[in-house]
Amino acid sequence: MVQRKKIAVISGGAGFLGSHLCTTLIDKGLRVICVDNLITGELKNINHLLKLKDFLFLKHDVTKYIDIKGRIDYCLHLASPASPDDYLKFPIPTLKVGSLGTHNVLGLAKAKNARFLLASTSEIYGDPLEHPQKESYWGNVNPVGPRGVYDEAKRFAESITLAYKREHKLDVRIVRIFNTYGERMRKNDGRAMPNFINQALTNKPLTVYGKGSHTRSFCYVSDLINGMVKLLFCDYSLPVNIGNPNEITILGLAKLIIKLTNSKSKIVFRSLPQDDPKLRCPDIRLAKKIIHWQPVVSLEDGVKRTIKYFKQTNSIYES
Ligand code: NAD
Ligand code: UDP
């Protein structure tokens, strides 16, 4: 008997992470339906998939009712602006996609008896008072600050996801994603990694906010996607951190990028955005234990690959 292909719906599939996930699931033999309204995503991210018979793109805003006929095995909800510049520019769409959008994708999963995976975030820990951050930490979020639109939407999304598990016995997964970088990040999405690489490649000053003493832990995209897929196919339903525990200051990152690009750029210091978390580093012991996952790409290798990608995409010279 020929086994039928499993079908996955990926909201936000035309974005940075979503497009990598679409490609990986197709490579694994699934059929993928990508649902995206392109608010921060780009069709060029999925250009290589559009002609495949196992791929379908639906331009749709998931805060509106989602109508997909036929069976679905997995619903992966990645739709949401993710860069601070994006969600500060689109505060209400961000709140809506985290709340109404999550509700709609959960409803679709329930109607189809599909497994649901939520792309959550380290931002649910806010400006953390516990370091590194374990899944058991409840976080320190300013609900009424500018970042609250993203953080609270994601906290609501986690909450409603687990309510669907408890009330409707929906099969759910929650991945708390820490800062991820790599190919297909938008050159102007405002995050530190693309900003610094583009500034360095064009010999412009690298804009470090504050003193540069804030830390982040950057995970290369292939590691992140590998962890997400492992989580999708395991049988653990509570939130799991996926990220790289190799922590670096933002000034350290700026210096590394200047070195790896052989740039003549200087570093300039700009004011720090409100509520910018001072420290961020995942405790990944849970991921190691339940899915035997840990990142394998070093920061230096990942940054080199990302620099190569930004050099190849002419768009870096537009600004
Ligand atoms: P991205 O902005 O590149 O992708 C998000 C995608 O969602 C875009 O294609 C966008 O058009 C789409 N989208 C937004 N609102 C939508 C709506 N209402 N209907 C349909 N599509 C909509 O961002 P990304 O970095 O790929 O992030 C993907 C997911 O991962 C997000 O949920 C984000 O919160 C989460 N995440 C990412 C990171 C990271 O470092 N990249 C870290 C933590 C969490
Ligand atoms: N940042 C910076 N210069 C930039 C962009 C960002 O110094 O041009 C800082 C930002 O204030 C934060 C860190 O780099 O402390 C990571 O920011 P990013 O937007 O990449 O992700 P976040 O973790 O804040 O969502």
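Residues numbered from 1 in each chain as written. Chains lettered and ligands numbered in written order. Predicted model: local features only at pLDDT ≥ 70, side-chain atom pairs only at ≥ 80, totals over all residues. Heavy atoms only, no water.

Colleague: What is the right way to read the sheet that holds strand β5 (residues 115–121) from this model?
Modeller: The strands that make up a sheet pair up through hydrogen bonds in the backbone, lying either parallel or antiparallel. Ordered by their spatial adjacency, seven strands build an open sheet running β3-β2-β1-β4-β5-β6-β11, and the pairing between neighbours is parallel. Looking along the sheet, the strands with just one partner apiece sit at the ends: β3 (55–59) and β11 (239–242). Along the sheet, successive strands turn relative to each other by an average axial angle of 20°, direction set aside. Pairing of strand β2 (residues 31–36) with β3, which is carried by five bridges, proceeds in the parallel orientation. Paired with I33 across the bridge in β3 is L56. Running over the sheet, helix α3 (residues 91–112) touches β1 (7–11), β4 (74–77) and β5 and is turned about 175° from β4. Of the strands in this sheet, β4, β5, β6 (172–177) and β11 touch helix α6 (residues 221–232), which is tilted by about 160° from β6. (Pairing = 2+ DSSP bridges. Helix = DSSP H or I, 4+ residues; strand = E, 2+ residues; numbered from the N terminus. Axes fitted to C-alpha atoms, helices over the stretch in contact; angles between N-to-C directions. Contact = heavy atoms within 4.5 Å.)

Colleague: How should I be thinking about the pattern of salt bridges in this particular structure?
Modeller: A complete count under the given rule lists 21 salt bridges for this structure. A salt bridge links D86 to R186, with the nearest nitrogen and oxygen atoms 3.0 Å apart. Highlighted residues: D86 in helix α2 (residues 84–89) and R186 in the loop between β7 (180–181) and α5 (192–201), separated in sequence by 100 residues. The same class applies to D86 as to R186, namely buried. Sharing partners across several salt bridges, the network here consists of E123, R147, R216, D276 and R280. (Salt bridge = Lys/Arg side-chain N within 4 Å of Asp/Glu carboxyl O. Buried < 20%, exposed > 50% of the residue type's maximum accessible area, 1.4 Å probe, protein only.)

Colleague: Teacher, can you tell me more about the site of ligand 1 here?
Modeller: Looking at ligand 1, there are 29 residues lining it, with L17, D36, T40, Y150 and K154 nearest. Within the backbone of G15, an N or O atom sits 3.1 Å from an oxygen atom of ligand 1. Take G41: an N or O atom from its main chain is 3.0 Å from an oxygen atom of ligand 1. In the complex, the protein chains occlude 96% of the 820 Å² of accessible area that ligand 1 would expose alone. By residue number, the principal contributor to the shell around ligand 1 is β5, which donates three residues. (Near = heavy atom within 4 Å. Polar contact = N/O pair within 3.5 Å; in protein donor to acceptor, adjacent residues only side chain to side chain. Areas by Shrake-Rupley, 256 points an atom, 1.4 Å probe, with all protein chains shown as cover.)

Colleague: Just to check I follow, could you spell out the packing of aromatic side chains for this structure?
Modeller: Each pair of aromatic rings is reported with the distance of its centres and the angle of its planes. What the rule picks out here adds up to seven aromatic pairs. Their ring planes at 80° and their centres at 6.4 Å tell us that Y181 and F218 sit as a pair that is edge-to-face. With Y181 in strand β7 and F218 in the loop between β9 (215–217) and β10 (219–220), this pair connects stretches of sequence that are 37 residues apart. Members of the aromatic cluster, joined through ring pairs, are Y125, Y137 and F178. (Phe/Tyr/Trp six-rings, centres within 6.5 Å; stacked < 30°, edge-to-face > 60°.)

Colleague: Honestly, helix α7 (residues 250–261) in this entry has me stumped. Any pointers?
Modeller: Note on helix geometry: an α-helix contains 3.6 residues per turn, so any two residues three or four positions apart are oriented the same way. For α7, spanning 12 residues, the distance from its first C-alpha to its last is 17 Å, which sits close to the expected 16 Å at 1.5 Å a residue. Count one or two residues on from α7 and you reach N262, which has phi positive near 50°. (Expected span 1.5 Å × (residues − 1).)

Colleague: So what exactly am I meant to see when it comes to the site of ligand 2 here?
Modeller: Taken together, 17 residues form the shell around ligand 2, and within it T207, Y209, R216, D276 and R280 come nearest. With respect to ligand 2, the side chain of D276 contributes an N or O atom lying 2.5 Å from an oxygen atom. In the complex, the protein chains occlude 95% of the 520 Å² of accessible area that ligand 2 would expose alone. Counting residues per element, the ones that place at least two in the shell around ligand 2 are α5 and β8 (206–209). Of the residues in the shell around ligand 2, the class split is seven nonpolar, five polar and five charged. (Nonpolar A, V, L, I, M, F, W, Y, C, P; charged D, E, K, R; others polar.)

Colleague: I'm lost on the environment of T102 in this one. Help?
Modeller: Inspection of the secondary structure assignment puts T102 in helix α3. On the accessibility criterion, T102 (0% relative accessible area) is buried. For the pair T102 and N47, spaced 55 residues apart in sequence, the C-alpha to C-alpha distance is 26 Å.

Colleague: Any chance you could explain the packing of α3 against helix α4 (residues 148–168) here in plain terms?
Modeller: Working note: a packed helix pair is described by the angle between its axes plus the distance between those axes. Where α3 meets α4, the axes come as close as 8 Å, and the angle between the chain directions of the two elements is 15°. One finds that α3 runs roughly parallel with respect to α4. Relative to α4, the crossing made by α3 is right-handed. Of α4, the residues touching α3 (which contributes P91, T94, L95, G98, S99, T102, H103, L106, G107 and K110) are V149, Y150, A153, F156, A157, I160, T161, Y164 and H168. (Parallel < 35°, antiparallel > 145°, perpendicular 65-115°, else oblique. Left-handed = near helix turned anticlockwise from the far one by under 90°.)

Colleague: Quick question: what am I supposed to make of the nonpolar core here?
Modeller: Within soluble globular proteins, side chains that are nonpolar tend to cluster in buried spots. Membership of the largest hydrophobic core comes to 63 residues, with the highest contact counts inside it found for L25, L76, M193, M228 and V303. Formed by 25 residues, the second largest nonpolar core is a distinct cluster that contains I7, V105, Y164 and V172. (Core = buried A, V, L, I, M, F, W, Y, C linked by side-chain atoms within 4.5 Å.)

Colleague: In this structure, what is going on with the confidence of the model for the protein chain? I would like to understand it.
Modeller: Low pLDDT marks regions whose predicted coordinates should not be analysed in detail. Model confidence for the protein chain is summarised by a mean pLDDT of 96, while 98% of its residues fall at 70 or above. Scored below 50 in pLDDT, residues 315–319 makes 11 contacts in the model with residues more than four places away or belonging to other chains. (pLDDT = per-residue confidence, 0-100.)

Colleague: Would you take a moment to explain helix α9 (residues 299–312) for this structure?
Modeller: Helix length check: α9 (14 residues) gives 20 Å between terminal C-alpha atoms against 20 Å at 1.5 Å per residue, within 8%. Along α9, the residues that are buried comprise L299, G302, V303, T306, I307, Y309 and F310. The buried residues of α9 occupy one face: seen down the axis, they fall within an arc of 160°. For α9, the exposed residues lying more than 90 degrees away from the buried face are K308 and Q312. In this fold, the buried residues of α9 make contact with β7, α5, β10, β12 (247–249) and α7. (Arc of directions from axis to C-beta.)

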